[in-house]
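Next come the chains, spelled out residue by residue.
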Amino acid sequence: MTMIGIMRAAVVMAAMLPGMALAHPGHGADGLVHGLAHPLLGLDHVLAMVLVGVMAAQLSGRALWLVPASFLLVMALGGVMGAAGVALPFVEAGIALSVIVLGAAVAFGLRAPLAVAMGLAGLFALFHGHAHGAEIPENAGGLAYAAGFLAATALLHGLGVLAGRLRPAALRVAGGAAALAGVVLLLG
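Computed from a predicted structure; not experimentally measured. (Residues numbered from 1 in each chain as written. Predicted model: local features only at pLDDT ≥ 70, side-chain atom pairs only at ≥ 80, totals over all residues. Heavy atoms only, no water.)

Details of the side chain of His132
To keep it simple, the criterion reads: Numbering of helices and strands runs from the N terminus; a helix is a DSSP stretch of H or I covering at least four residues, while a strand is a stretch of E covering at least two. Each residue gets one of three labels from its accessible area relative to the maximum for its type: buried under 20%, exposed over 50%, partly exposed in between, using a 1.4 Å probe on protein chains only. A 3.5 Å cut-off defines polar contacts: any pair of N or O atoms within that distance qualifies, except that in protein one atom must be a possible hydrogen donor and the other a possible acceptor, and neighbouring residues in sequence count only when both atoms are side-chain atoms. When checking whether two residues touch, look at their non-hydrogen atoms; a contact exists if any pair is within 4.5 Å.
Among the structural elements, His132 can be located in helix α6 (residues 114-134). Taking the relative accessible area as the measure of exposure, His132 reaches 0% and is therefore buried. Side-chain polar atoms of His132 contact the side chain of His38, separated by 2.4 Å. Discounting residues that sit within four places of it in the chain, His132 has contacts with His38, Pro39, His45, Met49, Met75, Tyr145 and Phe149.

Right under this line is the structure:
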């Protein structure tokens, strides 16, 4: 599958979710659907989570599952913090920086040691998780919402792992474009 094919599949999935998520606003909305939709509807989240998968694929071996798993675990912790109202400064800046740094790592094909890659993924996951947790809709169940955003994140990581099999030149371009998008997110 080409990068364009992967991106098309992700866009189609994301385009299908808003109608499902908003089918019955204010009437006992399903927390799982809201949780699934949240990471898929924000370009910042989509880019960062796909880039985590691509970075894991570039590192290969145990990184294929340890880097995304560390992201998911720390993101769950960040989600609990956000839902509990624990303050975390610079959440939006941290999310934008995740896109910049991960995009640059992919663009340059950086091969960090596994522990460094896991730590970097975990650091950025804290910001993404906090944003997800802080934005739980009032009428959505917290556990179902968390299960949804964790499942959507795992899906995006999986798409990133698949995308990581593309030619290095395509990954450099995609990583560079993502890093530039992160700069725009940071500034705007």
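Digging into the side chain of Gln58
Within the fold, Gln58 resides in helix α3 (residues 43-59). Discounting chain neighbours no more than four positions away, the residues touching Gln58 are Ala105, Val106, Gly109, Arg111 and Leu171.

Quick look at the packing of aromatic side chains
For clarity, the cut-off: Whether two aromatic rings pair depends on their centres lying within 6.5 Å, for rings of Phe, Tyr and Trp, where Trp uses its six-membered ring; planes under 30 degrees apart make the pair stacked, over 60 edge-to-face, and the rest tilted.
Here the structure, examined in full by the defined rule, presents one aromatic pair. Pairing Tyr145 with Phe149 gives two aromatic rings, centres 5.6 Å apart and planes at 70 degrees, and the pair type is edge-to-face. Note that Tyr145 and Phe149 are positioned in helix α7 (residues 142-163) at a spacing of four residues, about one turn of the helix. An identical accessibility class is assigned to Tyr145 and Phe149; each is buried.

Brief notes about α7
How we decide: Here the expected length of a helix is defined as 1.5 Å per residue gap, with one fewer gap than residues.
If you check α7, its first and last C-alpha atoms are 31 Å apart, about what 22 residues at 1.5 Å a residue would give, namely 32 Å. Inspection of α7 places Tyr145, Gly148, Phe149, Ala152, Thr153, Leu156, His157, Leu159, Gly160, Val161 and Ala163 among the buried residues, and these make up the whole buried set.

Focus on helix α5 (residues 91-107)
Between its first and last C-alpha atoms α5 spans 24 Å; for 17 residues at 1.5 Å apiece the expected length is 24 Å, and the two agree. Taking burial as the measure, the 17 residues of α5 include 12 buried ones, the bulk of the element. Buried within α5 are the following residues: Val91, Gly94, Ile95, Ala96, Ser98, Val99, Ile100, Leu102, Gly103, Ala105, Val106 and Ala107. Note on α5: the residue one or two positions beyond its end, Gly109, has a positive phi of about 60 degrees.

Describing the packing of α3 against helix α8 (residues 168-187)
What describes two packed helices is the angle between their axes and the distance between those same axes. The line we're drawing: Simply put, an axis is a line fit to the C-alpha atoms, just over the touching stretch for a helix, and the angle between two N-to-C directions goes from 0 to 180 degrees. Put simply, a crossing is left-handed when the front helix is turned counterclockwise from the back one by less than a right angle, and right-handed when it is turned clockwise. Each residue gets one of three labels, nonpolar for Ala, Val, Leu, Ile, Met, Phe, Trp, Tyr, Cys and Pro, charged for Asp, Glu, Lys and Arg, and polar for the others, Gly among them.
Where α3 contacts α8, the two axes come as close as 11 Å, and the packing angle between them is 145 degrees. At the point where α3 passes α8, the crossing takes the left-handed sense. In this structure, α3 contributes Asp44, Leu47, Leu51, Val54 and Gln58 to the contact, and α8 contributes Leu171, Ala178, Ala181 and Leu185. Per-class residue counts for the contact of α3 with α8 are seven nonpolar, one polar and one charged.

Some remarks on the nonpolar core
Definition in use: The set of buried Ala, Val, Leu, Ile, Met, Phe, Trp, Tyr and Cys residues whose side-chain atoms join them within 4.5 Å is what this entry labels a nonpolar core.
Membership of the largest hydrophobic core comes to 32 residues, with the highest contact counts inside it found for Met55, Val67, Phe71, Leu102 and Leu156. Counting residues per element, this core draws most heavily on α3, at 10 residues. Setting aside residues no more than four positions away along its own chain, Phe71 makes contact with Met49, Val52, Ala121, Phe124, Ala125, His128, Thr153 and His157. Residues Met81, Val91, Ile95 and Leu126 belong to the second largest nonpolar core, which totals seven residues.

Points about the environment of Met75
In this fold, Met75 is placed in helix α4 (residues 63-83). Considering only alpha carbons, one finds Met75 and Ala125, 50 residues apart in sequence, at a separation of 4.6 Å.

Comments concerning a nonpolar patch on the surface
Using the following cut-off: What goes into a patch is any residue over 30% in relative accessible area without a salt bridge, connected to like charges within 9 Å or, for nonpolar side chains (Val, Leu, Ile, Met, Phe, Trp, Tyr), within 5 Å. The Shrake-Rupley method, run with a 1.4 Å probe, gives the accessible areas here. Residue values count only the displayed protein chains as cover. Counted as salt bridges are all cases of a side-chain nitrogen of Lys or Arg within 4 Å of a carboxyl oxygen of Asp or Glu.
Taken together, the side chains of Leu97, Val183, Leu186 and Leu187 make up a nonpolar region of the molecular surface, amounting to roughly 360 Å² of accessible area. A per-element tally of the nonpolar patch places α8 first, with three residues. Judged by relative accessible area, Leu187 falls into the exposed class, the value being 73%.

A short note on the confidence of the model for the chain
Defined as follows: The predictor rates its confidence in each residue with pLDDT, a number between 0 and 100.
Of the residues in the chain, 85% have a pLDDT of 70 or more, and the chain-wide mean is 87. When the criterion is pLDDT under 50, residues 9-28 qualifies, and its contacts beyond four places in sequence or with other chains add up to 17 contacts.

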